[in-house]
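# Reading the structure
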Amino acid sequence: MTDHDLVRGAASRLRTAGLALARVPLCLIGLPLIPLQLYTYPLILVTVGVPMLLLFTALARKYTTVHRWWAGKVLGEPIALPYRKPANRGPMTRVRTIATDPATWRDMGFLPLNAIMGVLCGVLPAALWLGGVLGLLTPFIWLAGGTDLQPNGLSPNDPGGWFLAPLLGALYLLLAWWGTERVVRVHALFVRWMLAPSATEALTHRVRELADSRADTVDAQAAELRRIERDLHDGAQARLVALGMSLGMAEELLQRDPQAARDLLAEARQSSSQALAELRDLVRGIHPPVLADRGLEGALKALALAHPLPVEVDVVLPGRPEAPVESAAYFAVAETLTNVAKHSGATSAWVRVRHEGGRLALMIGDNGHGGAEATDGGGLRGIERRLGAFDGTLGIASPMGGPTIVTMELPCALSSEKTSSSSGTA
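Since the model is a prediction, treat every value here as computed from it, not as a measurement.

### Concerning helix α10 (residues 323-344)
Over its 22 residues, α10 runs 30 Å from end to end, which matches the ideal 32 Å to within 8%, given 1.5 Å per residue. Phi turns positive, to about 70 degrees, at glycine 345, one or two residues after α10.

As structure tokens, this is what we get:
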């Protein structure tokens, strides 16, 4: 190990020790959250207790989330949130979910224990470094007349004090070098042990997610079947019935009024063309042929060409996603662009598609007035449900005044290594 490596290692460990010491106040300020939360439970019977409990619980969970984030960075793996989701947004439902959630009480037990661990793991490395430096400097301080300094009970009058003081200082520095990062890691492991969801909770959470996703998928499929049935009944079926009636009337008029029969046949031909066009539109709504023929890139470019606003499409994919994922991504982008045209007030939009880390990443942006959010019954909530069926995620960044950026991610593998790259404006 070179001198440069020693200096860098010492600087890194000193910085780690300083940050550990700086976290001591952060570990202590969580203690008031214990009585604040406990005090609100008897007040639930009074109206004011419900918002107080929700507020103080939210503060406690934000506080523990900060510790999860820090421990995840130290350990190199994120720590998931263990909290149960309420069945609805009603205040009493949320209170009941909080009160019966084991993670709530585990957080409360974490607060005092973390204060103790935070103080120990924050003060110990700093004390070792300071003790080591002080031990090395003790002989020089004694020579300068500072005989009142007696580290570890050693004084300048002791026979071995001039030798033992720097020796103990060197030992402290060695312990500090060896133990600083290990002490911090012990604190992070403690945080993960206390705040990470248990295997049972993780499995329960996953089962609940899959059940919700399955229910959303079933509802979405039922709604899609109703839409197809309605479109067939009100569109193509009605036109085909009218076509049959026109042909029957033309057959009756063929002998006694050929001109009227020709007019009815022309009307029937027009009805058949319209019925065919409606059937084609219906098929495109189920699975666009361009998606099957040209893949996601071609389908998105065709979608952009048909959009009332100019849409720039930038797709870089080293292959094709699986057909169900490809279809979900296409319809999610289509629904988002429809929302842009209807609600954003934008003059242009853009679509970006990449495949990174085993996930299909899509971004859709516009220069509209912003304020978009996923509300119950809205289009964005429907997109979220569609993506959830594939373990996908939806993110929305839409401040008031714009712009709006919608991000989507879908886990998937690509079918080939054929490179597909395009960028253009429709």
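### What to know about empty space enclosed by the protein
Following the criterion strictly, the structure yields one cavity of 30 Å³ or more and no others. Looking at the largest cavity, the residues that line it are Ala20, Arg23, Gly118, Cys121, Gly122 and His187. Going through the elements one at a time, α1 (3-28) and α5 (102-143) are the ones with two or more residues in the lining of the largest cavity. If one sorts the elements of the lining of the largest cavity by residue count, α5 sits on top with three residues. Here the lining of the largest cavity is built from residues that sort into two nonpolar, three polar and one charged.

### Considering the side chain of asparagine 114
Residue placement: asparagine 114 occurs in helix α5. Among the residues examined, asparagine 114 registers a relative accessible area of 0% and is labelled buried. Not counting chain neighbours up to four residues away, the residues in contact with asparagine 114 comprise Cys27, Tyr63, His67, His187, Phe190 and Val191.

### Here we look at the environment of leucine 167
Checked against the element boundaries, leucine 167 lands in helix α6 (residues 161-195). It is 7.5 Å that separates the C-alpha atoms of leucine 167 and leucine 136, two residues lying 31 residues apart in sequence.

### Re the UniProt feature "transmembrane region" (unreviewed entry) in the protein
The UniProt record annotates "transmembrane region" (unreviewed entry) at residues 16-34, 40-60, 115-142 and 162-180. Secondary structure across residues 40-60 divides into 62% helix and 0% strand, with the first and last C-alpha atoms of the span separated by 13 Å. The annotated region residues 115-142 carries 100% helix and 0% strand content, and the separation between its end C-alpha atoms amounts to 38 Å.

### Some thoughts on the pairing of strand β3 (residues 359-366)
A large share of β3 lies buried, amounting to six of its eight residues. For strand β2 (residues 349-356) and β3, the ladder comprises eight bridges, and the chain directions are antiparallel. Residue pairing for β3: valine 353 is matched across the bridge by leucine 362. If you look at the hairpin formed by β2 and β3, you'll find two residues sitting between the two strands, and glycine 357 has a positive phi there, around 60 degrees. One ladder, built from eight bridges, connects β3 with strand β5 (residues 404-411); its direction is antiparallel. Within the sheet, the bridge partner assigned to isoleucine 364 lies in β5 and is valine 406.

### Observations concerning a nonpolar patch on the surface
Together, Val133, Leu136, Leu137, Phe140, Leu143 and Trp162 make up a nonpolar patch on the protein surface, roughly 600 Å² of accessible area in all. With five residues, α5 is the single largest residue contributor to the nonpolar patch. Here leucine 137 falls in the partly exposed class, since its relative accessible area comes to 42%.

### Some thoughts on the packing of aromatic side chains
The final tally for this structure, using the stated rule, is four aromatic pairs. Between phenylalanine 190 and tryptophan 193, the aromatic rings sit 6.4 Å apart at their centres with planes inclined by 45 degrees, giving tilted as the arrangement. With phenylalanine 190 and tryptophan 193 both in helix α6, this residue pair falls three residues apart, about one helical turn. A relative accessible area of 12% places phenylalanine 190 in the buried class. On the numbers, 5.2 Å between centres and 80 degrees between planes, the contact of tyrosine 330 with phenylalanine 331 is edge-to-face. Comparing tyrosine 330 with phenylalanine 331, the two get one shared label, buried. It is arginine 13 that lies over the ring of tryptophan 177; its NZ or CZ is 4.2 Å from the centre.

Parameters at a glance
Residues numbered from 1 in each chain as written. Predicted model: local features only at pLDDT ≥ 70, side-chain atom pairs only at ≥ 80, totals over all residues. Heavy atoms only, no water. Helix = DSSP H or I, 4+ residues; strand = E, 2+ residues; numbered from the N terminus. Expected span 1.5 Å × (residues − 1). 1 Å grid on protein atoms, 1.4 Å probe; cavity = no way out; pocket = protein on both sides within 12 Å on 5 of 7 lines; lining within 4 Å. Points joined across faces, edges and corners; volume = space filled by probe spheres on them. Nonpolar A, V, L, I, M, F, W, Y, C, P; charged D, E, K, R; others polar. Buried < 20%, exposed > 50% of the residue type's maximum accessible area, 1.4 Å probe, protein only. Contact = heavy atoms within 4.5 Å. UniProt positions renumbered as here; feature names shortened; annotations may be inferred. Pairing = 2+ DSSP bridges. Patch = residues over 30% accessible without salt bridge, like charges linked within 9 Å, V, L, I, M, F, W, Y side chains within 5 Å. Areas by Shrake-Rupley, 256 points an atom, 1.4 Å probe, with all protein chains shown as cover. Salt bridge = Lys/Arg side-chain N within 4 Å of Asp/Glu carboxyl O. Phe/Tyr/Trp six-rings, centres within 6.5 Å; stacked < 30°, edge-to-face > 60°. Lys NZ or Arg CZ within 6 Å of the ring centre and 35° of its normal.

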